[in-house]
Amino acid sequence: MAHKEASKVTEHDSLTGSISELSSDGHLGSPQPIARAMARDDSIIHMGTENDQLSKISVDNNNEKDGTIRFVAPADLRAQEATDKKPDGAYAWMVIFACFISLMLSIGINDAYGVYQQHYQLNEFPNETATLISWIGTVQFLVMCVGGILSGFLCEHFDTRMLNAVGAVIMGASFIGGSFCKSINGLMVTQGILYGLGASFPFVAGTSIPTQWFTKRRGLATGIALSGSGIGGMWMTSATQALIESLGRPWAMRVTGIVSLVAVLAVSPWMRVRLVPSKAEHIIDWNLLRDVRFAMFLMAVVFAVAAYFGPFYQIPSYSVVVLHKSESWGSNMDTLMNGLSVIGRLAVGFLSDLTGPLNLLILNTLLAIFSLLVLWVPFESVGTLFAVDILFGFGIGGIVSVIPVVAAQIFGLARLPSIIGLLFIGYFAGGLLGVPPMSALLDNVGHRTNYTSSIWYMGMLPVCSLIFLIAMRMMITRKLAVKV
């Protein structure tokens, strides 16, 4: 076990007033008034009187003098420190850098699949349907999500540095193996299943670890770490297109495999958690699903993830088929969208500390809706597509960046890896709900030339996400001028 050194249980450093005692099963006991309860992590300050047995998390909507609702999860009060390294210091920023690199490769390569889809669809497998070809990238993401459920559990019980290194080896081997495949079935196994399995380890670790290492500027630090996926998607998209054009698809995959193997292995020594649960937990904390707030959040994540990949996968071919641009021009549009997603991640990371992560999640979802339904649906022009690229890229980048911050704030830090693992069930459902139906609409309704039905579908997905987010926020508080 990686966390044998964990010996010290995080307790309250200072306590003014009184706090509900924890019962043996980890639930809060009878509630008592709390004037101020400060944990070792200063940003997890809970002011509340409400006993929430289902989620094991209390929230007080009546004490909002500073305009902020704060939460505390009992699992955080029982958490063990897995290292003597302190939060907010130089080591914490090294962890952020390691998460940045790990996400840059694991998610960046997945984001660049639109280039492969365009190549397969127009060159290597022109007689196959767009739906079948899209399943390679979809399977890649779905396996990443299924593997993420197990990875979240493993990250709480084994050394995340070792798990990250194992993921690096599988990622590299999958793309090198895929370079020798000349059929969709072979690519489905290597580029799809094996890569998704390997990437699940750095994906979970890189997403959940950053919030544990910061008590101040948590949103900013998380935004910087998660911006790695956008930056990876940005340069990997251009690099993949350039490699395919100059060396051919097989060598493009070999180079990608070697780079991912070396880079993710190099940063694995810094991929470590700071807090772990004080006792063995289930792989998935199903009790969370009994909390209506979490159920709302999970459904919002499902529809947000469903909307995420549509533009990345379809804009390259849309540029060629509808706007009559070159293949490289289409891949450059993906590069632009990834670049704007980086800015969105960083901006939301900074602003979430000021305005509240859930509030920003709602605003970014509105931006994604506007870009797809108001701009892309009625207009078929280069200028409009640039606007869609910019607004959707910024909005969706902020959405994926702030999801783990919302989860950490409302549902707890210590169990965040397994909470993220539970959210991966939502990611899995979103992956099935997203690109495959969009591609089927393109094939069967648009006959591979008319993208209108597909765009309408992907635009309604964030609308559904917005409905659940607003319902969740109203359950927490109905006051608008409050940081949540």
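Here, the structure is the one placed above.
Rules and cut-offs
Residues numbered from 1 in each chain as written. Predicted model: local features only at pLDDT ≥ 70, side-chain atom pairs only at ≥ 80, totals over all residues. Heavy atoms only, no water. Helix = DSSP H or I, 4+ residues; strand = E, 2+ residues; numbered from the N terminus. Contact = heavy atoms within 4.5 Å. Areas by Shrake-Rupley, 256 points an atom, 1.4 Å probe, with all protein chains shown as cover. Expected span 1.5 Å × (residues − 1). Bend = angle between axes of the 7 residues up to and from the residue. Buried < 20%, exposed > 50% of the residue type's maximum accessible area, 1.4 Å probe, protein only. Core = buried A, V, L, I, M, F, W, Y, C linked by side-chain atoms within 4.5 Å. 1 Å grid on protein atoms, 1.4 Å probe; cavity = no way out; pocket = protein on both sides within 12 Å on 5 of 7 lines; lining within 4 Å. Points joined across faces, edges and corners; volume = space filled by probe spheres on them. Nonpolar A, V, L, I, M, F, W, Y, C, P; charged D, E, K, R; others polar. Axes fitted to C-alpha atoms, helices over the stretch in contact; angles between N-to-C directions. Parallel < 35°, antiparallel > 145°, perpendicular 65-115°, else oblique. Left-handed = near helix turned anticlockwise from the far one by under 90°. Salt bridge = Lys/Arg side-chain N within 4 Å of Asp/Glu carboxyl O. Patch = residues over 30% accessible without salt bridge, like charges linked within 9 Å, V, L, I, M, F, W, Y side chains within 5 Å. Phe/Tyr/Trp six-rings, centres within 6.5 Å; stacked < 30°, edge-to-face > 60°. Lys NZ or Arg CZ within 6 Å of the ring centre and 35° of its normal.

A. Quick peek at the overall build of the protein chain. Within the protein chain one finds 15 helices and 7 strands. Residue pairs in contact within the protein chain that sit at least 24 positions apart in sequence constitute 82% of those at least 6 positions apart. About 17,100 Å² of surface is accessible on the protein chain, with carbon and sulfur atoms providing 67% of the total.

B. Quick peek at helix α9 (residues 292-321). Along its 30 residues, α9 runs 44 Å from first to last C-alpha, staying within 8% of the 44 Å computed at 1.5 Å per residue. If you look at α9, its biggest bend is around 40°, right at Ile-315, and the proline Pro-316 turns up within four residues after that. Counting buried positions along α9 gives 25 out of 30 residues, so the element sits mostly inside the fold.

C. Broad picture of unusual backbone geometry. Phi at His-447 is positive, roughly 50°, even though this residue is not glycine. Tracing the backbone shows His-447 in the loop between α14 (435-444) and α15 (452-476). Although it is not a glycine, Arg-448 adopts a positive phi angle of roughly 65°. Counting through the fold element by element, Arg-448 comes out in the loop between α14 and α15. The class of Arg-448 is partly exposed, set by a relative accessible area of 26%.

D. Main features of helix α2 (residues 90-111). Across its 22 residues, α2 extends 30 Å between first and last C-alpha, which sits within 8% of the 32 Å expected from 1.5 Å per residue. A bend of about 25° at Met-104 is the largest found in α2. Within α2, 18 of the 22 residues are buried, which leaves it mostly tucked inside the rest of the structure.

E. Geometry of the nonpolar core. Membership of the largest hydrophobic core comes to 124 residues, with the highest contact counts inside it found for Tyr-120, Phe-294, Phe-297, Leu-361, Trp-376, Leu-423 and Tyr-427. Among the elements that line this core, the one with the most residues is α9, at 16 residues.

F. Main features of empty space enclosed by the protein. Throughout the structure, instances matching the rule amount to 9 cavities of 30 Å³ or more. Lining the largest cavity are 19 residues, with Ile-107, Phe-203, Arg-345, Val-400 and Tyr-427 sitting closest to its centre. Mapped onto the lining of the largest cavity, the elements with two or more residues apiece are α2, α6 (184-208), α7 (218-247), α9 and α12 (382-411). When residues in the lining of the largest cavity are grouped by element, the largest group, 5 residues, is from α12. Each residue belonging to the lining of the largest cavity can be placed in one class, and the counts come to 15 nonpolar, 3 polar and 1 charged.

G. How the structure looks around the environment of Gly-310. With respect to the secondary-structure elements, Gly-310 resides in helix α9. With a relative accessible area of 0%, Gly-310 lands in the buried category. Taking C-alpha positions, Gly-310 is 8.3 Å from Ile-455, a pair spaced 145 residues apart along the chain. Apart from the residues lying within four places of it in its own chain, the contact partners of Gly-310 are Val-435, Met-438 and Met-458.

H. Just the environment of Phe-468, in detail. As for its position among the elements, Phe-468 is in helix α15. Residues Phe-468 and Val-301 lie 167 residues apart in sequence; the distance between their C-alpha atoms is 9.1 Å. Excluding residues that lie within four positions of it along the chain, Phe-468 makes contacts with Met-296, Met-299, Ala-300 and Phe-303.

I. Structural detail: the packing of α9 against α15. Running from amino to carboxyl end, α9 crosses α15 at an angle of 155°, the nearest separation of the two axes being 8 Å. Classified by the angle between their axes, α9 and α15 sit roughly antiparallel to one another. The element α9 and its partner α15 pack so that their crossing is left-handed. Considering only residue class, the contact of α9 with α15 consists of 22 nonpolar, 4 polar and 1 charged.

J. The pattern of salt bridges, seen in detail. The tally for this structure, following the rule as stated, stands at 4 salt bridges. Of the charged contacts in the structure, one is a salt bridge between Glu-124 and Arg-249, with a shortest N-O distance of 2.7 Å. Of this pair, Glu-124 sits in helix α3 (residues 113-124) while Arg-249 sits in helix α8 (residues 249-267); the two residues are 125 residues apart in sequence, bridging distant segments of the chain. Owing to a relative accessible area of 28%, Glu-124 belongs among the partly exposed residues under this scheme. Between Arg-293 and Asp-291 there is a salt bridge, with its nearest N and O atoms 3.2 Å apart.

K. Focus on a nonpolar patch on the surface. On the surface, a nonpolar cluster with roughly 280 Å² of combined accessible area is contributed by Met-94, Phe-97 and Trp-270. One can find Met-94 in helix α2.

L. Representation of the packing of helix α4 (residues 130-157) against α9. Contact pair α4 / α9: the axes reach a minimum separation of 12 Å and the direction vectors enclose 140°. Crossing angle aside, the handedness with which α4 passes α9 is right-handed. Of the residues in α9, those touching α4 at Ser-134, Gly-137, Thr-138 and Phe-141 are Val-305, Phe-309 and Tyr-313. Taken together, the residues of the contact of α4 with α9 break down into 4 nonpolar, 3 polar and no charged.

M. Highlighting the packing of aromatic side chains. Per the stated rule, a full pass over the model turns up 19 aromatic pairs. An angle of 65° between the planes, with centres 5.2 Å apart, marks the rings of Phe-175 and Tyr-195 as edge-to-face. Residue Phe-175 is located in helix α5 (residues 160-178), and its partner Tyr-195 is located in helix α6; the two are separated by 20 residues in the primary sequence. Where Phe-309 meets Tyr-313, the ring centres are 5.6 Å apart and the plane angle is 45°; that geometry is what we call tilted. Here Tyr-313 and Phe-309 lie together in helix α9, a separation of 4 residues that amounts to about one turn. Tyr-313 matches Phe-309 in its accessibility class, with the two residues each being buried. Three or more aromatic residues joined by ring pairs make a cluster, and in this case those are Tyr-113, Tyr-116, Tyr-120, Phe-125, Phe-141, Phe-175, Tyr-195, Tyr-308, Phe-309, Phe-312 and Tyr-313. Above the ring of Trp-251, the side-chain terminus of Arg-254 is found at 4.7 Å from the ring centroid. Over the aromatic face of Trp-329 sits the side chain of Lys-325, whose NZ or CZ is 5.5 Å from the ring centroid.

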